[in-house]
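Per-entry structural report
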Amino acid sequence: MHVPHQETYTNVKYRQNATFFERVKSSLVAILIGLMLILVASVLLFWNEGRAVQTAQSLDEGMRILVHLDTTDVAFENNNLRLVYLQGQLSSEESLFDPVYQISIRAARFRRIIEMYQWVEHEQKREIKEGDRTREETEYSYSLEWNQEVIKSDSFYSTVGHENPNSMPYRSETQVASVVKVGAFHLSSALVDQISDFRLIPPGTSASPKDPSLMFFNGYYYHGSPQNPKVTIIAKQKGSRLEGYQTEAGDILEILYTELLSPKDIFSKKHADNTLMTWAIRFGGWLLMFVGFGCLTSIITTLVISVPTDTLSQNIIIAASLEQGTDSEIF
């Protein structure tokens, strides 16, 4: 895809440096913000540790009580309200229809992605201190890019030659079949939402654009969920319906993978996801804590920087003179 040469504009303006009292006032505000950040970080870290333990215990509980189903053709009553594990093929008798491209497909989920080629503004700032004022330079560059959302060009620094349409003729959309099954079992909406095996098929393949399972868009045939893909599910059996299982530890287990996995593999993946999320939230909490303590110490930085250099020099000279005078009296 050809992207035109980027156009760059620079905006320059000056502002007076803050006075000593203005900096002190800002530092006091920063202290309040720092205290709030430390409080939020503490609550976040405390909640995260409890969440991590609860999720780990829920997964271990699920592994212990899991019932393996040998067949999906019949929903046996003796497994009712129990956490079950099964593998099978997705099926849906409902045809999903796209009125824009006049495409009908029988699938669990059907996604249409619409993008518009439009101008995007990139902004880069830098500040240069010049005596008692600061020079602010803001560089704006513009490039044409594909985007699913309308980018408002009215707020651009340079609108001339960078006008974007105010709306898109069509929007991205995902359709979901009302009834999705695996054998005799009906899937809950939460399980269906976990079906995300959408594929892009480049043009020139053996697939025909007239195939009802394909959609042509932007030089690609877009394929929804594969026809009758095999899935692995862990959920509660309630009659002939599969839904979330409430564990005693506190979490709800309702898992679907669009691939064939053993229970050990599934729970290992979930434990790994839990560990990754735990460390990500820990890092976020520690970062908030670091920023919070930085805000608390901002007043010290303000006071140190605000002491005039000539005053420091005079104090040093006076102190040195006093020391010399004292030494003379001793000798």
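Rules used throughout
- Residues numbered from 1 in each chain as written.
- Predicted model: local features only at pLDDT ≥ 70, side-chain atom pairs only at ≥ 80, totals over all residues.
- Heavy atoms only, no water.
- UniProt positions renumbered as here; feature names shortened; annotations may be inferred.
- Phe/Tyr/Trp six-rings, centres within 6.5 Å; stacked < 30°, edge-to-face > 60°.
- Helix = DSSP H or I, 4+ residues; strand = E, 2+ residues; numbered from the N terminus.
- Lys NZ or Arg CZ within 6 Å of the ring centre and 35° of its normal.
- 1 Å grid on protein atoms, 1.4 Å probe; cavity = no way out; pocket = protein on both sides within 12 Å on 5 of 7 lines; lining within 4 Å.
- Points joined across faces, edges and corners; volume = space filled by probe spheres on them.
- Nonpolar A, V, L, I, M, F, W, Y, C, P; charged D, E, K, R; others polar.
- Domains from an automatic or database assignment.

Quoted verbatim from the Sequence similarities (unreviewed entry) field of the UniProt record, the comment on the protein reads "Belongs to the TMEM43 family."

Let us look at the packing of aromatic side chains. Under the counting rule described, the total for this entry stands at four aromatic pairs. Judged by centre distance (5.5 Å) and plane angle (50°), the rings of Tyr-142 and Phe-156 are tilted. Of the two residues, Tyr-142 is situated in strand β8 (residues 133-147) and Phe-156 in the loop between β8 and β9 (173-176); the sequence distance between them amounts to 14 residues. Directly above the aromatic system of Trp-47 lies the positively charged group of Arg-51, at a separation of 6.0 Å from the ring centroid. Note that Arg-282 overlies the ring of Trp-279, its terminal NZ or CZ placed 4.4 Å from the centroid.

Here the focus is the layout of surface pockets. Reported here for the second largest pocket is a volume of approximately 190 Å³. Around the second largest pocket, the lining residues are Arg-51, Thr-55, Leu-59, Asp-251, Ile-252, Leu-253, Glu-254, Ile-255, Lys-270, Asp-273, Asn-274 and Met-277. In terms of residue count, helix α3 (residues 263-296) provides more of the lining of the second largest pocket than any other element does, four residues in total. For the lining of the second largest pocket, the per-class residue count stands at five nonpolar, two polar and five charged. Taken domain by domain, the makeup of the lining of the second largest pocket includes at least three residues from each of domain 1 (229-261) and domain 2 (265-322).

Under the UniProt annotation, the feature "transmembrane region" (unreviewed entry) is placed at residues 28-47 and 279-305. In residues 28-47, helix accounts for 100% and strand for 0%; the two terminal C-alpha atoms are 29 Å from one another.

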